[in-house]
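Listed here are the chains, written in short residue letters.
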Amino acid sequence: MESSRHKRLLTQHVRTDQLMGVDAVPMGIAAAQTVPTSAPAMDHAEKLNILEQMDRDEVQGCSKCELCHSRTQTVFGEGDADAKLMFVGEGPGQKEDSQGRPFVGRSGEMLNKQIDAMGLQRQDVYIANVVKCRPPNNRAPTPIEAQTCWEYLRRQILVIRPKVIVTLGGPAAKMLLNTKTGITALRGTWHSLDQLAPDGPVIPVMPTFHPAFLLRAYTPENRKKVWSDLQKVVKHLEK
Ligand code: URA
C-alpha cells in the first residue's frame, strides 16, 4: 500500500475510534470511492440542471405550507448529483435557515465526521431534508408539512438515484418508509423505499439515529450503534 494512502487509513482509524468509540478500521474505504456505478438515468449536467431549476423555480418561492411564513430562506439540499449515497435529515435548523445549506450547524459537524469516518467526503454524497423550511423552534415537521414537501424530496431522489439512502432520525425514516415505527426499532436494518414512482427504482434505506441525538446522548453504546449502521452502508456501497 502506498504510504500516503496508508497514512490516510490510519488517520481514519484513529478518527473513527475517537468518534464512534469503536476499535475498527473503516471497511472498504477504497472500494467505497470506486463503487462500480450502474449507468445513470441522466447525465450529470442534466441532473444539475433539473435540480437547480426545481430549487429556483419551485422550492425557493414555495408557500405550500405554514413553514414558509417563519423561514428566512429555503434549504434545498446539496452535494454530488451523481452521489451513490444520500443522507436525508428532518429539516433545517437555525444555522441552515440562515445559510441556506443543510447540516451546517453542530449536527452537520457530527455528520461530516461520520462521512469522513466512512472514507468519503461531504462533496461525494448528497444531503437533503424531509422539509425545506425550518420548523419554528426546531420542532419536528408535522406529518402534513412532511407530506406537503415530499414531492420535492421524491423528485430529488429520482434525479440523483442514489444506491443507498441513510435516513437521520425518526421523522425522516417514518416519512420515507411510510411507517409509524420508531427509530430505535427501525435503525440498523435494511428497508426499502419503493414509493418513488409506479415502476420506479426501489432504493435500500438504512435508518440511523440523528446526529443531534448522538450529540445529546454521546454514549459508547449509541456511537457503536451508529457506526455499525454506517458500516453496513459502506459494505453495501462496495457491492
Ligand atoms: N438537522 C436536520 O435534520 N437537518 C439539517 O439540515 C440540520 C439539522
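Residues numbered from 1 in each chain as written. Predicted model: local features only at pLDDT ≥ 70, side-chain atom pairs only at ≥ 80, totals over all residues. Heavy atoms only, no water.

Draft legend 1. The arrangement of the side chain of Arg71 in detail. Looking at the secondary structure, you find Arg71 in the loop between α4 (67-70) and β1 (78-79). No salt bridge is formed by the buried Arg71, whose closest oppositely charged neighbour, Asp97, lies at an N-O distance of 6.9 Å. A distance of 3.2 Å separates a polar atom in the side chain of Arg71 from the backbone oxygen of Gln60. The residues touching Arg71, leaving out its near neighbours within four places in the chain, are Val59, Gln60, Gly61, Cys62, Asp97 and Cys133. (Helix = DSSP H or I, 4+ residues; strand = E, 2+ residues; numbered from the N terminus. Buried < 20%, exposed > 50% of the residue type's maximum accessible area, 1.4 Å probe, protein only. Lys, Arg positive; Asp, Glu negative; His and termini not counted. Salt bridge = Lys/Arg side-chain N within 4 Å of Asp/Glu carboxyl O. Polar contact = N/O pair within 3.5 Å; in protein donor to acceptor, adjacent residues only side chain to side chain. Contact = heavy atoms within 4.5 Å.)

Draft legend 2. Fine view of the sheet that holds β1. The mixed open sheet is built from six strands, whose spatial order is β1-β3-β2-β4-β6-β5. Each edge of the open sheet carries a strand with a single partner, namely β1 and β5 (191-193). Two strands pair when backbone bridges link them, and β1 and strand β3 (residues 126-129) are joined in this way by two bridges, in the antiparallel orientation. Paired with Gly79 across the two strands is Tyr126, which belongs to β3. (Pairing = 2+ DSSP bridges.)

Draft legend 3. The arrangement of helix α6 (residues 106-117) in detail. Its twelve residues give α6 an end-to-end C-alpha distance of 17 Å, which sits within 8% of 16 Å, the value for a rise of 1.5 Å per residue. Two residues or fewer past α6, Gly119 is found with a positive phi of approximately 85°. (Expected span 1.5 Å × (residues − 1).)

Draft legend 4. Main features of the packing of helix α3 (residues 44-59) against helix α7 (residues 143-160). Interaxial distance between α3 and α7 falls to 10 Å at its minimum, and their mutual angle equals 170°. In terms of orientation, α3 and α7 fall into the roughly antiparallel class. Every pair of crossing elements has a handedness; the one defined by α3 and α7 is left-handed. Side by side, α3 and α7 meet where Lys47, Ile50, Leu51, Met54, Glu58 and Val59 of the first sit next to Tyr152, Arg155, Gln156, Val159 and Ile160 of the second. (Axes fitted to C-alpha atoms, helices over the stretch in contact; angles between N-to-C directions. Parallel < 35°, antiparallel > 145°, perpendicular 65-115°, else oblique. Left-handed = near helix turned anticlockwise from the far one by under 90°.)

Draft legend 5. Representation of the site of the ligand within the structure. Every residue lining the ligand is accounted for by Gly89, Glu90, Gly91, Glu96, Pro102, Phe103, Asn129 and His210. Glu90 places a polar main-chain atom, nitrogen or oxygen, 2.8 Å from an oxygen atom of the ligand. Here the ligand loses 92% of its free accessible area of 240 Å² to cover by the protein chains. When the residues that make up the shell around the ligand are grouped by side-chain class, the tally is two nonpolar, four polar and two charged. (Near = heavy atom within 4 Å. Areas by Shrake-Rupley, 256 points an atom, 1.4 Å probe, with all protein chains shown as cover. Nonpolar A, V, L, I, M, F, W, Y, C, P; charged D, E, K, R; others polar.)

Draft legend 6. Fine view of the pairing of strand β4 (residues 164-168). In terms of burial, β4 is a largely internal element, five of the five residues being buried. The alternating pattern of β4 places Val164, Val166 and Leu168 and Ile165 and Thr167 on opposite faces, both of which are buried. Where strand β2 (residues 85-89) meets β4, four bridges bridge the pair, whose relative direction is parallel. Looking across to β4, one finds that Leu85 is bridged to Val164.

Draft legend 7. Structural view of the nonpolar core. Counting 35 residues, the largest nonpolar core has Met86, Leu153, Ile157, Ile165, Leu176 and Leu193 as the members making the most contacts within it. Ignoring anything within four residues of it in the chain, the contact list for Met86 reads Tyr126, Ala128, Leu153, Gln156, Ile157, Ile160, Pro162, Val164, Ile165 and Val166. The next biggest cluster of nonpolar side chains, apart from the first, holds 26 residues, and it includes Met110, Val164, Met206 and Leu214. (Core = buried A, V, L, I, M, F, W, Y, C linked by side-chain atoms within 4.5 Å.)

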